[in-house]
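Okay, here's what each chain looks like letter by letter:
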Amino acid sequence: TSTGPAIVEEAIEVGAQVVWMQLGVVHESAAHVARHAGLEVIMDRCMKIEHARFFGGLAVLGLNTGVISARRRQPQLSEASATEVAPGHVTGQRKGEMR
């Protein structure tokens, strides 16, 4: 878009730390100027979608594809706990043998 360079110049003037260009807005030369001035550049992203991605709510937006999730993964059982038969007893230990 043609407003990219003007927005970047204004962001530099006010001392912004980040320039955010919305979904569908990509302006490589404006991004280059912003990066050269020390700003972080985000292009082609929607703040509402990104917020939902990090804090949940993708289903509310109709984007619950199952590919992106804000839910924490369930811990997987380690090999040690998977082979443990009873507390203190490890598979492979002979009867009466102490370790």
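Okay, so let's go over this structure. The structure displayed is predicted, hence computed values, not measured ones.

### What about the overall build of the protein chain?
Along the backbone of the protein chain there are four helices and four strands. Its helices and strands taken in sequence order, the protein chain reads α-β-α-β-α-α-β-β from the N to the C terminus. Split into buried and exposed, the 99 residues of the protein chain put 17% on the buried side. Put simply, of all contacts in the protein chain between residues at least 6 apart along the chain, 25% involve residues at least 24 apart. Counting every atom, the protein chain has about 8300 Å² of accessible surface; 55% of that belongs to carbon and sulfur.

### Notes on the nonpolar core
Formed by Val8, Ala11, Val19, Met21, Ala30, Ala31, Ala34, Leu39, Val41 and Met43, the largest nonpolar core amounts to 10 residues. For this core, the secondary structure elements donating two or more residues are helix 1 (4–14) and helix 2 (28–36). With three residues, helix 2 is the largest single contributor of residues to this core.

How each quantity is defined
- Starting from 1, residues in each chain are numbered consecutively following that chain's sequence as written.
- In view of the model being predicted, local features appear only for residues whose pLDDT reaches at least 70, and side-chain atom pairs are presented and counted only at 80 or more, with totals across whole chains, interfaces and linings using the full set of residues.
- Processing note: side-chain calculations cover all non-hydrogen atoms of the structure and skip hydrogens and water entirely.
- Each helix is a run of H or I in the DSSP string that is no shorter than four residues. Each strand is a run of E no shorter than two, and both are numbered from the N terminus.
- Here's how the labels work: a residue is buried when its accessible area is under 20% of the maximum for its type, exposed when over 50%, partly exposed in between, all with a 1.4 Å probe on protein chains only.
- The contact criterion used throughout is that any non-hydrogen atoms of two residues lie within 4.5 Å.
- Each accessible area value is a Shrake-Rupley result obtained with a 1.4 Å probe; residue values ignore everything except the protein chains displayed when judging cover.
- The definition of a nonpolar core used throughout is a set of buried Ala, Val, Leu, Ile, Met, Phe, Trp, Tyr and Cys residues joined through side-chain atoms within 4.5 Å.

Functional significance is not addressed by these values, which are geometric in nature.
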